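Here is how the chains run, residue by residue.
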Amino acid sequence: GADSVCIFACVCVMESCLTRKKLKLLVVDRESQHCDLIRHCADILDGEFNCELQFASSGKKALSLIQSFEPNVVLIDVYMQDMTGFELLEQCCEGAAPVIITSKNCSEEIRDAAFEKGATLFVPKSDDPDEIEHLFYAIATLAESCMVKH
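Residues numbered from 1 in each chain as written. Predicted model: local features only at pLDDT ≥ 70, side-chain atom pairs only at ≥ 80, totals over all residues. Heavy atoms only, no water.

## Focus on the overall build of the protein
Quick reminder of the rule: Where helices and strands are cited, they refer to DSSP runs of H or I of at least four residues and of E of at least two residues respectively, numbered from the N terminus. Here's how the labels work: a residue is buried when its accessible area is under 20% of the maximum for its type, exposed when over 50%, partly exposed in between, all with a 1.4 Å probe on protein chains only. What makes two residues a contact is simply this: any of their non-hydrogen atoms within 4.5 Å. Using a 1.4 Å probe, accessible areas were evaluated by the Shrake-Rupley method; residue-level cover was limited to the displayed protein chains.
Helix and strand counts for the protein stand at 6 helices and 5 strands. Relative to its 150 residues, the protein shows a buried fraction of 47%. In the protein, 66% of the contacts between residues at least 6 apart in sequence involve partners at least 24 apart. Of the accessible surface of the protein, which amounts to about 8,000 Å², a share of 51% is contributed by carbon and sulfur atoms.

So this is what it looks like as structure tokens:
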């Protein structure tokens, strides 16, 4: 769709700069199999991205990692056990890294809430490796734009 074209265009413009910078991604997701898939895709794309990953299965752990790891981008699933992704977003994101909210529930209500709470992007959660590869390009583009600002 139009979003894919926009992300692709942004990636093409910045792609040559991305490999030289460290991409620090914090993934907050209670589903270990989804975290494993993201880790696997990061390993495959290692030649394209200089990526360091950290994972948190709870909001509490994520808040701690945001302080110690200082990610460039935070990927947060809406549904967690100790708090919602929206609650985490409200607690962690004042002046912090860009946040991508993800969920298998792609309702308009969830998307709208993500942006109202301060998310930079909403991405439907997927187990398709091709879609996760596109997600990495979007993450890298966000990280690059954040690094340029600082």
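Structure shown, so let's carry the discussion forward.
## With respect to the packing of helix α3 (residues 59-69) against helix α4 (residues 85-92)
What counts, and what does not: For helices, the axis comes from a line fit to the C-alpha atoms of the stretch in contact; other axes are also lines fit to C-alpha atoms, and the angle between any two N-to-C directions lies between 0 and 180 degrees. Each angle receives one of four descriptions, namely roughly parallel if under 35 degrees, roughly antiparallel if over 145, roughly perpendicular if within 65 to 115, and oblique otherwise. Left-handed is the label given to a crossing in which the near helix is rotated counterclockwise from the far helix by less than a right angle, and right-handed is the label when the rotation is clockwise. Charged means Asp, Glu, Lys or Arg here, nonpolar means Ala, Val, Leu, Ile, Met, Phe, Trp, Tyr, Cys or Pro, and polar covers whatever is left, Gly included.
Between α3 and α4, whose axes approach to 10 Å, the crossing angle comes to 25°. As summarised for this structure, α3 and α4 are arranged roughly parallel, according to the angle between their axes. The two elements α3 and α4 cross, and the hand of that crossing is right-handed. In this structure, α3 uses Gly 59, Ala 62, Leu 63 and Ile 66 to contact α4, whose residues at the interface are Leu 88, Gln 91 and Cys 92. In terms of residue class, the contact of α3 with α4 is made up of 5 nonpolar, 2 polar and no charged.

## Thoughts on α3
Selection criterion: Here, the arc refers to the directions that run from the helix axis to the C-beta atoms.
If you check which residues of α3 are buried, you get Gly 59, Ala 62, Leu 65, Ile 66 and Phe 69. The arc that holds the buried residues of α3, viewed along the axis, is 115°, so those residues lie on one side. Across from the buried face of α3, at angles greater than 90 degrees, the exposed residues are Lys 60, Gln 67 and Ser 68. Contact partners of the buried residues in α3: β1 (22-28), β2 (50-56), β3 (73-77) and α4. Taken from the residues just after α3, Glu 70 is the one with a positive phi, measuring 50°.

## Thoughts on the side chain of Ser 103
The criterion, for reference: Under the rule applied, a polar contact is a pair of N or O atoms within 3.5 Å (in protein, one hydrogen donor and one hydrogen acceptor; residues adjacent in sequence only if both atoms are side-chain atoms).
Structurally, Ser 103 is set in strand β4 (residues 99-103). Among the polar contacts made by the side chain of Ser 103, one reaches the main-chain amide nitrogen of Asn 105 at a distance of 3.0 Å. Once residues lying within four places of it in the same chain are set aside, the contact partners of Ser 103 are Asp 77, Val 78, Tyr 79, Ile 110, Phe 122, Val 123, Pro 124 and Lys 125.

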